[in-house]
Amino acid sequence: MNKYTKQDIIRLVEEEDVEFIRLQFTDMFGTFKNMAITKSQLEKALDNQCMFDGSSMEGFVRMEEPDMYLYPDLDTFAIFPWRPQQGKVARVICDIYRPDGQPFEGDPRYILKKTLAEAKEIGYQFNVGPKCEFFLFHTDEEGRPTTTTHERAGYFDLGPVDLGENARRDMVLALEEMGFEIECSHHEAAPAQHEIDFRYGEGLAAADNIMTFKLAVKTIAKRFGLFASFMPKPKHGVNGSGMHLNLSVSKDGKNMFHDPSGEWGLSQEAYFFMGGLMRHMRGMAAVTNPLVNSYKRLAPGYEAPRYIAWSAASRGSLIRIPAGRGASARIELRSPDPAANPYLAFALCLAAGLDGIKHQVQPPAPIHANISEMCAKEKQSLGIASLPADLHEAVGEMEQDPFVWQVLGPHISQGYAKAKKAEWASYQAQVTDWEISNYLYKT
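Everything in this summary refers to the structure shown in the same document. (Residues numbered from 1 in each chain as written. Predicted model: local features only at pLDDT ≥ 70, side-chain atom pairs only at ≥ 80, totals over all residues. Heavy atoms only, no water.)

### A closer look at the overall build of the protein chain
Part 1 of the argument: The helix and strand tally for the protein chain stands at 12 helices and 18 strands.
Part 2 of the argument: In terms of overall dimensions, the protein chain is globule-like: its C-alpha atoms have a radius of gyration of 22 Å, near the 22 Å expected for 443 residues.
Part 3 of the argument: The principal-axis extents of the C-alpha atoms in the protein chain amount to approximately 70 × 60 × 50 Å.
Part 4 of the argument: Put simply, the protein chain has 443 residues, and 53% of those count as buried.
Part 5 of the argument: Residue pairs at least 24 apart in sequence account for 69% of intrachain contacts in the protein chain once pairs closer than 6 positions are excluded.
Part 6 of the argument: Here the protein chain has roughly 20,200 Å² of accessible surface; of this, 50% comes from carbon and sulfur atoms.
Part 7 of the argument: In the protein chain, 47 positive and 58 negative side-chain charges are present, and the distance between their average locations comes to 3 Å. (Helix = DSSP H or I, 4+ residues; strand = E, 2+ residues; numbered from the N terminus. Rg over C-alpha atoms; globule rule 2.2 N^0.38 Å. Buried < 20%, exposed > 50% of the residue type's maximum accessible area, 1.4 Å probe, protein only. Contact = heavy atoms within 4.5 Å. Areas by Shrake-Rupley, 256 points an atom, 1.4 Å probe, with all protein chains shown as cover. Lys, Arg positive; Asp, Glu negative; His and termini not counted. Charge placed at Lys NZ, Arg CZ, Asp CG, Glu CD.)

### So, the side chain of Lys233
Part 1 of the argument: Among the secondary structure elements, Lys233 is positioned in the loop between β11 (226-229) and β12 (243-251).
Part 2 of the argument: Among buried charged residues, Lys233 stands out as having no salt bridge; its nearest opposite-charge side chain is Glu133, 10 Å away.
Part 3 of the argument: Among all residues touching Lys233, those that are not within four sequence positions of it are Val238, Asn239, Gly240, Asn293, Lys296, Arg297 and Tyr302. (Salt bridge = Lys/Arg side-chain N within 4 Å of Asp/Glu carboxyl O.)

### Here's the deal with the side chain of Ser250
Part 1 of the argument: Structurally, Ser250 is set in strand β12.
Part 2 of the argument: Owing to a relative accessible area of 12%, Ser250 belongs among the buried residues under this scheme.
Part 3 of the argument: Side chain to side chain, Ser250 and Asn127 meet in a polar contact 3.4 Å long.
Part 4 of the argument: Contact partners of Ser250, with chain neighbours within four places excluded, come to Gly123, Tyr124, Gln125, Asn127, Asn255 and Met256. (Polar contact = N/O pair within 3.5 Å; in protein donor to acceptor, adjacent residues only side chain to side chain.)

### Description of the pattern of salt bridges
Part 1 of the argument: The tally for this structure, following the rule as stated, stands at 21 salt bridges.
Part 2 of the argument: With a closest N to O distance of 2.9 Å, Glu16 and Lys88 form a salt bridge. In this pair, Glu16 is assigned in the loop between α1 (6-15) and β1 (18-26) and Lys88 in strand β6 (residues 88-97), connecting sequence segments 72 residues apart.
Part 3 of the argument: Judged by relative accessible area, Lys88 falls into the buried class, the value being 11%.
Part 4 of the argument: Note that Arg144 is salt-bridged to Glu142, the shortest N-O span being 3.1 Å.
Part 5 of the argument: With relative accessibility at 61%, the residue Glu142 sits in the exposed group.

### So, the nonpolar core
Looking at soluble globular proteins, one finds that nonpolar side chains tend to be buried together.
Part 1 of the argument: Among the nonpolar cores identified, the biggest contains 98 residues, and Phe126, Phe213, Leu247, Ile331 and Phe346 are the most heavily contacted of them.
Part 2 of the argument: Contact partners of Phe126, with chain neighbours within four places excluded, come to Leu116, Gly201, Glu202, Gly203, Leu247, Ser248, Val249, Phe273, Phe346, Cys349 and Leu350.
Part 3 of the argument: Of all hydrophobic cores here, the second largest spans 23 residues; its members include Val13, Val18, Leu46 and Leu74. (Core = buried A, V, L, I, M, F, W, Y, C linked by side-chain atoms within 4.5 Å.)

### Topic: empty space enclosed by the protein
Part 1 of the argument: Enumeration over the complete set of coordinates arrives at 1 cavity of 30 Å³ or more.
Part 2 of the argument: Roughly 30 Å³ of internal volume is contained in the largest cavity.
Part 3 of the argument: Lining the largest cavity are Met28, Phe29, Val287, Pro290, Ala339, Ala340, Asn341, Tyr416 and Lys420.
Part 4 of the argument: Classifying every residue of the lining of the largest cavity gives 7 nonpolar, 1 polar and 1 charged. (1 Å grid on protein atoms, 1.4 Å probe; cavity = no way out; pocket = protein on both sides within 12 Å on 5 of 7 lines; lining within 4 Å. Points joined across faces, edges and corners; volume = space filled by probe spheres on them. Nonpolar A, V, L, I, M, F, W, Y, C, P; charged D, E, K, R; others polar.)

### Section: the packing of helix α6 (residues 268-288) against helix α10 (residues 391-400)
Part 1 of the argument: Interhelical geometry of α6 versus α10 gives an angle of 120 degrees and a closest axis separation of 7 Å. The orientation of α6 with respect to α10, classified from their angle, is oblique. As α6 packs across α10, the resulting crossing turns out to be left-handed. In this structure, α6 uses Arg282, Gly283, Ala285 and Ala286 to contact α10, whose residues at the interface are Glu393, Ala394, Val395, Glu397 and Met398.
Part 2 of the argument: Taken together, the residues of the contact of α6 with α10 break down into 5 nonpolar, 1 polar and 3 charged. (Axes fitted to C-alpha atoms, helices over the stretch in contact; angles between N-to-C directions. Parallel < 35°, antiparallel > 145°, perpendicular 65-115°, else oblique. Left-handed = near helix turned anticlockwise from the far one by under 90°.)

### A short note on the packing of aromatic side chains
Part 1 of the argument: Summed over the entire model, instances satisfying the criterion amount to 17 aromatic pairs.
Part 2 of the argument: Where Phe134 meets Phe230, the ring centres are 5.6 Å apart and the plane angle is 45 degrees; that geometry is what we call tilted. Here Phe134 is found in strand β7 (residues 125-138), whereas its partner Phe230 is found in the loop between β11 and β12, with 96 residues between them in sequence.
Part 3 of the argument: On the basis of relative accessible area, Phe230 is assigned to the buried category, the value being 6%.
Part 4 of the argument: Linked through ring pairs, Phe134, Phe180, Phe198, Phe213 and Phe230 together constitute an aromatic cluster.
Part 5 of the argument: The ring of Tyr124 has Lys251 lying over it, and the distance from NZ or CZ to the ring centre is 5.6 Å. (Phe/Tyr/Trp six-rings, centres within 6.5 Å; stacked < 30°, edge-to-face > 60°. Lys NZ or Arg CZ within 6 Å of the ring centre and 35° of its normal.)

Next comes the structure, spelled out in structure tokens:
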């Protein structure tokens, strides 16, 4: 990540002919928002003087206390490569503050920064390598997204079978121009499904990168007449999209998860971290898997985890131990999906892992067999719990885990649970096409 001063940004805006600057921030549910200014207002923005109406944002503040200020994080300044080369457009990601100069407790980025600061107090740096999958679908005659695709490509297929290859290439080029280190890109398992992997980073930078990544992918897809969807399970009968998280912590530049003498090359800290994740996973699920649709991805047969177990081999496990050792030693959490707010998801993962280290939570023995083929009695005897079956159950688990509420704080916890309950109630009230197809003619 670049290190900028206010003077650096003012100079870059002039030298690069930047005309518009987008002040970006993220709402409670992981949606990117922004307020655009011209360069004439740049110094005002860099002095933290840009204000917006927080009462217009769901989950922010009440009508009687609307004023919020955007504090730009100077190091996130970047120029959009897909915008005009004359009168360019740049962005800077902002934190949200109250008029009294205090961080807004409903800002997801603040929640992550606070959790990272707590880790730093004991010498830890949190590193995350996300893998975000997505679909490229056609749009209709009016430009609205569909779930239609003409391609039939699968894992690692290439053009002309992979019809999204050119779009994915341009996405990679745009991301690299914005400073991403792209490690690889490829077609995924389902038709029209893709993955672009970028290098791991420190927790806050990694969360910022996910938000930027999604914006870039959607923008470039639109140029090709396509719609990029990060919906967890947009189509029945094929793999859904995950946001697998490769997690590790370092101390004094050393990867604390590596121990050449440990089983699978992992340290005791790594196992305790894993134990903490598994202990709190049910309470975290409403954040890592935030949609009604999220739980339709978490089904056996599609490489998505359903049970709380770990393995050094099975990709169907909640936690997998990748082959990398030494500086690359890590654990892979496979349940989160790309609809999750990365700031809140990362905060919970870090806090849960540190809780496991603090209390020396030993994870259960690994399960290398196919859990979905086990009978209920066998799973019970092995102590294998499952993730929540749906969003309603997930919100209930979140409300019953005081640890999750402590990490997120009362403002976000209460607002988030309320909104997700309303989402579930709205879903339950719908009459679906499946019901019409199966019941209309029979009754």
